[in-house]
Amino acid sequence: MPVVHLASDHAGHALKDLIARELARLGFTVTDHGTDSCESCDYPEFAHKLCDAVLAEKGRGILICGSGIGMSMAANRHDGIRAALCTTELHARLSRLHNDANVLCLGARITGDELALAIVMAFLETDFEGGRHQRRIDKITPSA
């Protein structure tokens, strides 16, 4: 199984730890990029660490903050990252099927633990369809 990269800010710390434990139980290799506590911290630092690792390994990542919005905005500043803020399993499946998302963003203050775990599994278990969707992904980054 591929490595799954995790990172959060203070608001997402507890959910990140829950997801890490569940993924490890299921046999995934998990790399935790922090934070390691519930003390206030700045989410972009952790988003950037995770995105660098995902790009280096061509893997997948999961970012968690209070709403998921800040992590999504920070992650999508990286060329090659397609971060999707998902609140349902369908969002997660479609983000993979049609958009080849490589980073899932979750809002710990928005999404309950059970639903978050279901969203994570939908994201990790769904493959990209390719075809016409690749053509569209190729058009996401504007030409210089």
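Note: the structure precedes this text.
Only a predicted model underlies this, so the values are computations on that prediction, with no experimental measurement involved.

Visitor: Let's hear about unusual backbone geometry: which residues, and what values?
Guide: In this structure, the amide linkage connecting Gly 34 to the following residue, Thr 35, adopts the cis form with an omega of -5 degrees. Structurally, the position occupied by Thr 35 is in the loop between β2 (29–32) and α2 (43–57). One non-glycine residue, Lys 58, adopts positive backbone phi at about 50 degrees. As for its placement among the helices and strands, Lys 58 is situated in the loop between α2 and β3 (60–65). Phi angles above zero are rare outside glycine, and Asp 100 is one such case at about 50 degrees. With respect to the element layout, Asp 100 can be found in the loop between α4 (89–97) and β5 (103–107).

Visitor: Give a description of a nonpolar patch on the surface that names residues and reports values.
Guide: On the surface, a cluster of nonpolar side chains totalling about 280 Å² of accessible area is made up of Ile 69, Met 73 and Leu 85. Note that Leu 85 resides in strand β4 (residues 83–85).

Visitor: Before we move on, could you go through the pairing of β5 and cite the residues and values that matter?
Guide: When a strand is regular, its side chains alternate between the sheet's two faces. Most of β5 is tucked away: five of the five residues are buried. Here β5 shows a buried face lined by Val 103, Cys 105 and Gly 107 and a second buried face lined by Leu 104 and Leu 106. In this fold, the crossover linking β4 to β5 by way of α4 has right-handed handedness.

Visitor: Break down the pattern of salt bridges for me, with residues and values.
Guide: Considering all chains together, one arrives at six salt bridges under this definition. Across the salt bridge formed by Glu 22 and Arg 25, the nearest N and O atoms sit 2.6 Å from each other. Placement of both Glu 22 and Arg 25 in helix α1 (residues 13–25) is noted, with a separation of three residues, approximately one turn of the helix. For Glu 22, a relative accessible area of 23% gives the class partly exposed. In this structure, Asp 100 and Arg 96 form a salt bridge, with 2.8 Å as the shortest nitrogen-oxygen distance. The burial state of Asp 100 is the same as that of Arg 96; both residues are buried. Salt bridges here are not isolated pairs; linked through shared partners, they connect Lys 16, Asp 17 and Asp 32.

Visitor: Quick one: what's the story with the sheet that holds β5, residue by residue and with numbers?
Guide: Here we have five strands laid out as an open sheet, ordered β2-β1-β3-β5-β4, and parallel in their pairing. Taken across any chain shown, the strands that pair with only one partner, and hence form the sheet edges, are β2 and β4. Each strand axis lies, on average, 25 degrees off the axis of its neighbour in the sheet, ignoring direction. Summarising the sheet, strand β1 (residues 3–8) and β3 pair through five bridges and their orientation is parallel. Within β3, the residue paired with Leu 6 across the bridge is Ile 62. Against the sheet, α2 contacts β1, β3 and β5, and its axis sits at roughly 165 degrees relative to β1.

Visitor: Describe α4, naming the residues involved and giving the relevant values.
Guide: Note that an α-helix has 3.6 residues per turn; residues three or four places apart therefore point the same way. Within α4, burial applies to Ala 92, Ser 95 and Arg 96. Angularly, the buried residues of α4 cover 95 degrees about the axis, an arc narrow enough to put them on a single face. Tucked inside the fold, the buried residues of α4 contact β3, β4 and α5 (113–125).

Visitor: Give a description of the packing of aromatic side chains that names residues and reports values.
Guide: Counted according to the given criterion, the structure contains zero aromatic pairs. Its guanidinium or amino end placed over the ring of Phe 123, Arg 60 lies 5.8 Å from that ring's centre, counting from NZ or CZ.

Cut-off values and rules
Residues numbered from 1 in each chain as written. Predicted model: local features only at pLDDT ≥ 70, side-chain atom pairs only at ≥ 80, totals over all residues. Heavy atoms only, no water. Helix = DSSP H or I, 4+ residues; strand = E, 2+ residues; numbered from the N terminus. Patch = residues over 30% accessible without salt bridge, like charges linked within 9 Å, V, L, I, M, F, W, Y side chains within 5 Å. Areas by Shrake-Rupley, 256 points an atom, 1.4 Å probe, with all protein chains shown as cover. Salt bridge = Lys/Arg side-chain N within 4 Å of Asp/Glu carboxyl O. Buried < 20%, exposed > 50% of the residue type's maximum accessible area, 1.4 Å probe, protein only. Right-handed = clockwise from strand over helix to strand, strands pointing away. Pairing = 2+ DSSP bridges. Axes fitted to C-alpha atoms, helices over the stretch in contact; angles between N-to-C directions. Contact = heavy atoms within 4.5 Å. Arc of directions from axis to C-beta. Phe/Tyr/Trp six-rings, centres within 6.5 Å; stacked < 30°, edge-to-face > 60°. Lys NZ or Arg CZ within 6 Å of the ring centre and 35° of its normal.

Keep in mind these values describe shape, not function.
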